[in-house]
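Given next are the chains, with one letter for each unit.
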Amino acid sequence: LPEVPTMAVEKVFVYNNTSIVQDEILAHRLGLIPIRADPRLFEYRNQGDNEEGTEIDTLQFQLKVKCSRNPQAAKESSDPNELYFNHKVYSKHMTWVPLGNQTDLFPDADFRPVHDDILIALLRPGQEIDVLMHCVKGIGKDHAKFSPVATASYRLLPDITLLQPVEDEAAEMLQKCFSPGVIEIQNIKGKKVARVANARLDTFSREVFRHEGLKNLVRLARVRNHFIFSVESTGILPPDVLVCEAIKILMGKCQRFLNELDSVPME
């Protein structure tokens, strides 16, 4: 969440904005659009660097859209999609403008927003947005727009044990008390018998304890040394890459800590 770097819009140069969206709000919305660019290809930008940026630390995007009327639209139509051209400004309208020799540095690069259908603003005929954006490398600790994940969480592995056989109507009721896929019903010698199929899918709703006839038949616990990590990427980097990068950062922190311990004189 806070320390794996990504590329995000840091500076927005507004040349023309006649939309209803104020410049500051527009810049904020642009900053939160995830950019598909591998941050490992770029360097961090120093505070005293040239404002324009360089090919090794900055990505440049242009957004230039103007709304106009559709002369072919039916007179009785009230649908903006028919009446106007470019009345919705999407992230797909952002185009990469190479800086310096970036075309040679990244010949196969496809720098663009992760999603093409992110709505940025609505326009009406005559209104226009013309901005230039500079994307830089940063971390979520400085601003949430640099965070590479939508959510990152962990939980302990659920452990569900049936203390005695659960059959027929009780088995069906037990199945309904858990998330789909946790309890399955088998047909054994003409009887419906419940068994734990996949405890990992359980969300620990504890619904089973609402039923007097079932609460003493089940034991709910957690495996103390088994963690389930859930990482939902914003699309900039795959989750497996994000986890590996986070582990590298953690290893670097541990190494610095060990180096500091070694440098402290022993009494």
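Owing to the predicted nature of the structure, the values given are computational and were not obtained by experimental measurement.

Engineer: Quick one: what's the story with the overall build of the protein chain, residue by residue and with numbers?
Structural biologist: Counting secondary structure elements, the protein chain contains five helices and 14 strands. The globule rule puts the C-alpha radius of gyration for 267 residues at 18 Å, and the 28 Å found for the protein chain is more than 25% above it. Positive and negative side-chain charges of the protein chain, numbering 32 and 37 respectively, have mean locations separated by a distance of 7 Å.

Engineer: Tell me about the nonpolar core, residues and numbers included.
Structural biologist: By size, the foremost hydrophobic cluster in this structure holds 26 residues, and its most contacted members are Leu30, Leu63, Met94 and Ile120. If you list the elements that add at least two residues to this core, you get strand 1 (6–17), helix 1 (23–31), strand 3 (59–66), strand 9 (119–122) and strand 10 (128–138). Excluding its chain neighbours within four sequence positions, the residues that come into contact with Ile120 are Leu26, Arg29, Leu30, Ile33, Leu63, Val89, Tyr90, Ser91 and Met94. Ile160, Val166, Leu174 and Ala194 belong to the second-largest nonpolar core, a separate cluster that totals 16 residues.

Engineer: Tell me what's going on with the environment of Thr151, and back it up with residues and numbers.
Structural biologist: Structurally, Thr151 is set in strand 11 (residues 149–162). Classification of Thr151 as partly exposed rests on a relative accessible area of 41%. If sequence neighbours within four positions are ignored, Thr151 has contacts with Ser230, Val231 and Glu232.

Engineer: Tell me about the pattern of salt bridges, and please be specific about residues and values.
Structural biologist: Inspection of the entire model under this criterion finds twelve salt bridges. We note a salt bridge from Arg195 to Glu184, for which the minimum N-O separation is 2.3 Å. Here Arg195, found in strand 13 (residues 191–196), pairs with Glu184, found in strand 12 (residues 183–188); they are eleven residues apart in sequence, far enough to count as distant. Taking the relative accessible area as the measure of exposure, Arg195 reaches 33% and is therefore partly exposed. In this structure, the salt-bridge partner of Glu212 is Lys215, at a minimum N-O distance of 3.2 Å. A relative accessible area of 60% places Glu212 in the exposed class.

Engineer: Describe helix 1, listing the residues and the values that go with them.
Structural biologist: The α-helix advances 3.6 residues per turn, and as a result positions three or four apart in sequence lie on the same side. Where helix 1 is concerned, the buried positions are Leu26, Leu30 and Gly31. An end-on view of helix 1 places all buried positions within 135 degrees of arc, on one side of the element. Against strand 1, strand 3, strand 7 (94–96), strand 9 and strand 10 lie the buried residues of helix 1.

Engineer: Run through the pairing of strand 13, naming residues and quoting values.
Structural biologist: Here six bridges tie strand 12 to strand 13, and the two strands are oriented antiparallel to one another. By the bridge assignment, Asn187 is partnered in strand 13 with Lys192. Hairpin geometry of strand 12 and strand 13 is characterised by an intervening segment of two residues between the two adjacent antiparallel strands and by a positive phi of about 55 degrees at Lys189.

Engineer: Give me the domain arrangement of the protein chain: which residues, what numbers.
Structural biologist: Often, the extent of an interface is quoted as the loss of accessible area on bringing the components together. Each assigned domain of the protein chain is listed here: domain 1 (5–146) and domain 2 (157–224). For domain 1 versus domain 2, the separation of C-alpha centres amounts to 51 Å.

Engineer: Please give an account of helix 5 (residues 239–263) that cites residues and values.
Structural biologist: Here helix 5 spans 36 Å end to end across 25 residues, near enough to the 36 Å set by a 1.5 Å rise per residue. When helix 5 is considered as a whole, its buried residues turn out to be Val241, Leu242 and Glu245.

Engineer: Provide a residue-level description of the environment of Asp23, including the pertinent values.
Structural biologist: In this structure, Asp23 sits in helix 1. Through-space distance from the C-alpha of Asp23 to that of Gly252 is 40 Å; in sequence the pair is 229 residues apart. With sequence-adjacent residues up to four places away left out, Asp23 is seen in contact with Val14 and Asn17.

Definitions and cut-offs
Residues numbered from 1 in each chain as written. Predicted model: local features only at pLDDT ≥ 70, side-chain atom pairs only at ≥ 80, totals over all residues. Heavy atoms only, no water. Helix = DSSP H or I, 4+ residues; strand = E, 2+ residues; numbered from the N terminus. Rg over C-alpha atoms; globule rule 2.2 N^0.38 Å. Lys, Arg positive; Asp, Glu negative; His and termini not counted. Charge placed at Lys NZ, Arg CZ, Asp CG, Glu CD. Core = buried A, V, L, I, M, F, W, Y, C linked by side-chain atoms within 4.5 Å. Buried < 20%, exposed > 50% of the residue type's maximum accessible area, 1.4 Å probe, protein only. Contact = heavy atoms within 4.5 Å. Salt bridge = Lys/Arg side-chain N within 4 Å of Asp/Glu carboxyl O. Arc of directions from axis to C-beta. Pairing = 2+ DSSP bridges. Domains from an automatic or database assignment. Expected span 1.5 Å × (residues − 1).

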